[in-house]
Amino acid sequence: MNGAIVGDIVGSRFERSNHKQTDFELFHRRCRFTDDTVLTLAIADALISQKRYSDTVKRYARAFPLAGYGGTFKKWMLGMIEGPYNSWGNGSAMRVSAIGWWFSKLETVLREARASAVITHDHPEGIKGAQAIASSIWHARKGASKDEIKAYVQDQFGYDLNRTLDEIRPEYAFDVSCAGSVPEAIIAFLESEDFEHCIRLAISIGGDSDTIAAMAGSMAEAYYGEVPRDIMDKAQKFLTDDLNDLRNEFYKRMSARNV
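So, how was this worked out
- Residues numbered from 1 in each chain as written.
- Predicted model: local features only at pLDDT ≥ 70, side-chain atom pairs only at ≥ 80, totals over all residues.
- Heavy atoms only, no water.
- Helix = DSSP H or I, 4+ residues; strand = E, 2+ residues; numbered from the N terminus.
- Rg over C-alpha atoms; globule rule 2.2 N^0.38 Å.
- Buried < 20%, exposed > 50% of the residue type's maximum accessible area, 1.4 Å probe, protein only.
- Contact = heavy atoms within 4.5 Å.
- Areas by Shrake-Rupley, 256 points an atom, 1.4 Å probe, with all protein chains shown as cover.
- Lys, Arg positive; Asp, Glu negative; His and termini not counted.
- Charge placed at Lys NZ, Arg CZ, Asp CG, Glu CD.
- Phe/Tyr/Trp six-rings, centres within 6.5 Å; stacked < 30°, edge-to-face > 60°.
- Salt bridge = Lys/Arg side-chain N within 4 Å of Asp/Glu carboxyl O.
- Polar contact = N/O pair within 3.5 Å; in protein donor to acceptor, adjacent residues only side chain to side chain.
- 1 Å grid on protein atoms, 1.4 Å probe; cavity = no way out; pocket = protein on both sides within 12 Å on 5 of 7 lines; lining within 4 Å.
- Points joined across faces, edges and corners; volume = space filled by probe spheres on them.
- Nonpolar A, V, L, I, M, F, W, Y, C, P; charged D, E, K, R; others polar.
- Axes fitted to C-alpha atoms, helices over the stretch in contact; angles between N-to-C directions.
- Parallel < 35°, antiparallel > 145°, perpendicular 65-115°, else oblique.
- Left-handed = near helix turned anticlockwise from the far one by under 90°.

Chemist: What exactly am I supposed to notice about the overall build of the chain here?
Modeler: Of regular secondary structure, the chain possesses 15 helices and zero strands. A globule of 259 residues ought to have a C-alpha radius of gyration of about 18 Å, and the chain, at 16 Å, matches this closely. Dimensions along the principal axes, computed over C-alpha positions, put the chain at roughly 40 × 40 × 35 Å. Sorting the 259 residues of the chain into buried and exposed places 59% on the buried side. Considering only residue pairs separated by 6 or more positions, the chain has 72% of its internal contacts joining residues 24 or more positions apart. Summing over all exposed atoms, the chain offers an accessible surface of approximately 10,900 Å²; the carbon and sulfur share of this is 46%. Distance between charge centres in the chain, computed from 32 positive and 36 negative side chains, equals 6 Å.

Structure, rendered in structure tokens:
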């Protein structure tokens, strides 16, 4: 989950001003946390408190109303839209990472990823994106190789992961769909050499930079073991105290569950 938060913060300043290279300062005064972080932590809180995903996501979104939500999501969070709205966007996948960590069985991860998605993103592509990210995290933290993760995602979800970033990058443009950003985030993870390299690769694709980096970073954290301390120390300075407290509580609970 920390990986998603770091990816979001680092990618925030590039979302509308893409930087299709890997040479950039990770943290900058223009960085901030966005809706990716807020809703990722909302899902984490729902798991800790055992409350409904929909209620908790709405509560967090309303507490941070300027985090950068999409127009339809804003109407949903304010109660102007009742129930899910058939979204195929990557909002379902950007917020799901805590589920990949929380549950011990893959079938539970898939079920809960779906449940967290359908509160808004009940389109099959929205559900698939959330399940692909959550299950990749689960496989990574269970010790699966990148080849095994790649094979599983391709077989289970039908994403084409045989492309390279060098092939994707030149023509890639802003795309908020799961179908047009989740595979790219997974490819960035698969090509990475370590956590920081993964974030840099994800940003270098362009497009919806903060969300692609959040998704890629969430998988990289699980695969490489943790977010490097120096990177997390810098990232947490961008968060409010209450968000940091929740983040720490999640990992404390995770440690207890693993014991």
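Chemist: What's the story with the packing of aromatic side chains in this structure? I'm lost.
Modeler: Pairs of aromatic rings are described using the distance from one ring centre to the other and the angle between the two planes. Taken as a whole, this structure holds 10 aromatic pairs when the rule is applied. Between Tyr223 and Tyr224, the ring centres sit 5.0 Å apart and the planes meet at 90°, which makes this aromatic pair edge-to-face. Of the residues examined, Tyr224 reaches a relative accessible area of 27% and is grouped as partly exposed. These aromatic residues form a ring-pair network of at least three members: Tyr69, Phe73 and Trp76.

Chemist: I tried to follow the pattern of salt bridges on my own but got confused; where do I start?
Modeler: Two side chains carrying opposite charge are able to pair once their charged atoms lie near each other. According to the stated counting rule, one finds nine salt bridges in the structure shown. Note that Lys128 and Glu125 form a salt bridge whose closest N and O atoms lie 3.4 Å from each other. Here Glu125 and Lys128 lie together in helix 8 (residues 124–141), a separation of three residues that amounts to about one turn. The residue Glu196 makes a salt bridge to Arg200 at a minimum N-O spacing of 3.0 Å. Taken together, the residues Glu196 and Arg200, both in helix 12 (residues 195–205) and four residues apart, mark about one turn of the helix. A cluster of three or more residues bridged by salt bridges with shared partners is formed by Asp160, Arg163 and Glu184.

Chemist: What am I meant to see in the side chain of Arg169 here?
Modeler: Of note, Arg169 is situated in the loop between helix 10 (165–168) and helix 11 (182–191). A polar atom in the side chain of Arg169 sits 3.0 Å from the side chain of Ser204. Beyond its immediate stretch of four places on either side in the chain, Arg169 contacts Lys20, Leu201, Ser204 and Ile205.

Chemist: I keep staring at the layout of surface pockets and nothing clicks. Help me out?
Modeler: Summary: where empty space remains is shown by rolling a probe the size of a single water molecule over the atoms. Volume-wise, the largest pocket comes out at about 530 Å³. As for the largest pocket, its lining consists of 29 residues, of which Asp35, Tyr69, Gly70, Asn90 and Val176 are closest to the centre. Among the elements of the structure, helix 2 (35–49), helix 4 (71–77), helix 5 (91–94) and helix 13 (209–224) are those that each provide at least two residues to the lining of the largest pocket. Taken together, the residues that form the lining of the largest pocket break down as nine nonpolar, 12 polar and eight charged. Reported here for the second largest pocket is a volume of approximately 280 Å³. Asn2, Glu221, Glu226, Val227 and Tyr251 are, among the 16 residues lining the second largest pocket, the residues nearest its centre. Taken together, the elements giving at least two residues each to the lining of the second largest pocket come down to helix 14 (229–236) and helix 15 (241–258). At five residues, helix 15 tops the list of elements feeding residues into the lining of the second largest pocket. Split into classes, the residues belonging to the lining of the second largest pocket amount to six nonpolar, five polar and five charged.

Chemist: Help me understand the packing of helix 11 against helix 13, please; the structure alone is not making it clear to me.
Modeler: Angle between the axes and distance between the axes are the two parameters that describe a pair of packed helices. It is the contact of helix 11 with helix 13, at a shortest axis distance of 8 Å, that shows an interaxial angle of 40°. With respect to helix 13, the axis of helix 11 lies oblique. In terms of crossing hand, the pair formed by helix 11 and helix 13 is right-handed. Here Val182, Ala185, Ile186, Ala188 and Phe189 of helix 11 lie close against helix 13, whose contacting residues are Ile212, Met215, Ala216, Met219, Ala220, Tyr223 and Tyr224. Of the residues assigned to the contact of helix 11 with helix 13, the class counts are 12 nonpolar, no polar and no charged.

Chemist: Can you help me understand unusual backbone geometry in this one?
Modeler: Glycine aside, residues mostly have negative phi angles, and peptide bonds mostly take the trans form. Positive phi is not limited to glycine here, since Gln50 has a value of about 60°. For Gln50, the location among the structural elements is in the loop between helix 2 and helix 3 (53–63). Here the phi dihedral of Asn86 falls at roughly 60°; this positive angle occurs in a residue that is not glycine. Tracing the sequence through the fold places Asn86 in the loop between helix 4 and helix 5.

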